[in-house]
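Geometric and topological summary
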Amino acid sequence: METEIRQFIEEKVMKDPIHDWIYVKDPVLWGLINTRAFQRLRRIRQLGTSSYVFHGSEHSRFTHSLGTYETMRKVLSHFLRNHGWPNDERIHKLALCAALLHDIGHGPFSHSFEGAFQTHHENWTRRIILEDEEINGILRQVDDHFPQDVASVIGKEDKFPLLVRLISSQLDVDRMDYLLRDALHTGVIYGKYELERLIRVMRPYGDDVVVKSSGVHTVEQYVLARYFMYTQVYLHHKTIGSDLLLRKVLLRAQTLYRQGELDFYPVELVPFFDRSEAEVQVGEYLRLDESIMIYAFHQWRNEEDRILADLASRFLDRRLYGSVVSDPLSNETLESLRQLLLARGLDPEYYLVYQEIATAGFLYKEGIRVIDEQEHLREIHEISNLIRSIVPEIKYRLYYPKDILQEKELVSILGNLGG
Ligand code: ZN
């Protein structure tokens, strides 16, 4: 390391739209914020292509990562004052570092990029913590096992179960921050809930974080905020459509590259075109951000390949695919749809997507326990009718280029469309 981390620094404060101020006193945390890998998160948006629907949502992973840290700091401070935990400085530091770094492995257009190149941000988070010289060097100044412990908390291993609960569970500091932040930047009001009150009703209990019975309504508000954010914002059909279009751009570029037919490509993308995730180096991964991707799309507009030029233009100019809700489709129906596209001179691989949109993995099922005055524990859905009423659903959507195909042409094959 070029710079030795000092024991104490003057407290740093950063203005934040959710928490008002974010406070950093620990030089390890301050050192991490100032690494190249962490600063790169400024150039990766929190909600990928969501801004094509909610134009305010241009906020970055950087601001959410700081917010997750600050939420953890507040929770720990409440726990320590009221429940005497964590009275260990290393645990405290471990929790804060894990919160700050939990999204460090996200790539440009997070989920679209992962889908196109079969990468997983969880793997990269772990590798960056263990392999990036700068980040690893700073964490190692705490002690030699510290980077491994930070990675284990983020990776949900069982060495520090209470910290894992705080970072990644039904009631974790990650979603406590992103719900409020995403609601603010999208401009929707249904993602809001009372953060300070929620923290006040949380308490550590053995290896778990539980909620006081006086806090059931506060938790209901938080669970509903999540329900609305997923159904209205994160899984918005146009956001999913723009994500699918982006994947198609990357898929086409990769196919052309492998055939030796791609005229332009940023060198930063070559490792992903060429190799599997495990063969890409951490340094190569960290060079990539959304500015490089957008630059590539601008160049691809002018590619000789008509499909890539068209897809890149559609993405940059927000000419998104249209979509219709459908019933589950049989292979025969899908084949007829493909033939319809082929007859129009369109490659169905790039111009037709049949997508299942399921809310099951995103809505509350179980995992928040309520503690009463006699220290009896009950799962919150046993107590709350409201939470019990949240049931998952699955929709099927067919995406197609609406400027070329008309909905009535699809109807002739699909029969009557739902929704
Ligand atoms: Zn996060």
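Cut-offs and rules
- Residues numbered from 1 in each chain as written.
- Predicted model: local features only at pLDDT ≥ 70, side-chain atom pairs only at ≥ 80, totals over all residues.
- Heavy atoms only, no water.
- Salt bridge = Lys/Arg side-chain N within 4 Å of Asp/Glu carboxyl O.
- Helix = DSSP H or I, 4+ residues; strand = E, 2+ residues; numbered from the N terminus.
- Buried < 20%, exposed > 50% of the residue type's maximum accessible area, 1.4 Å probe, protein only.
- Donors = N, O, S within 2.8 Å, 3.2 Å for Na, K, Ca; no water.
- Tetrahedral: all angles 85-135°; square planar, octahedral: opposite > 155°, others 65-115°.

A look at the pattern of salt bridges
- Applying the stated rule across the entire model yields 31 salt bridges.
- The closest approach of N and O atoms between Arg 181 and Asp 16, which form a salt bridge, is 3.0 Å. You can see Arg 181 sitting in helix H10 (residues 173-186) and its partner Asp 16 sitting in strand S1 (residues 12-16), a full 165 residues away along the chain.
- Since its relative accessible area comes to 6%, Asp 16 is described here as buried.
- Note that Lys 93 and Asp 26 form a salt bridge whose closest N and O atoms lie 2.9 Å from each other. Placement of the pair is Lys 93 in helix H4 (residues 89-101) and Asp 26 in the loop between strand S2 (20-24) and helix H1 (27-33), with a sequence separation of 67 residues.
- Given a relative accessible area of 16%, Asp 26 falls into the buried group.
- A single salt-bridge network, built from bridges that share partners, covers Arg 90, Asp 143, Asp 149 and Lys 159.

Considerations on the coordination of the zinc ion
- Protein coordination of the zinc ion is provided by His 64 (NE2), His 102 (NE2), Asp 103 (OD) and Asp 174 (OD), with donor distances spanning 2.1 to 2.3 Å.
- Given 4 donor atoms and angles of 80 to 173° at the metal, the environment of the zinc ion is assigned as irregular.
- In the primary sequence, the donor residues of the zinc ion line up as H-x37-H-D-x70-D. In this pair, the class of His 102 matches that of Asp 103, namely buried.

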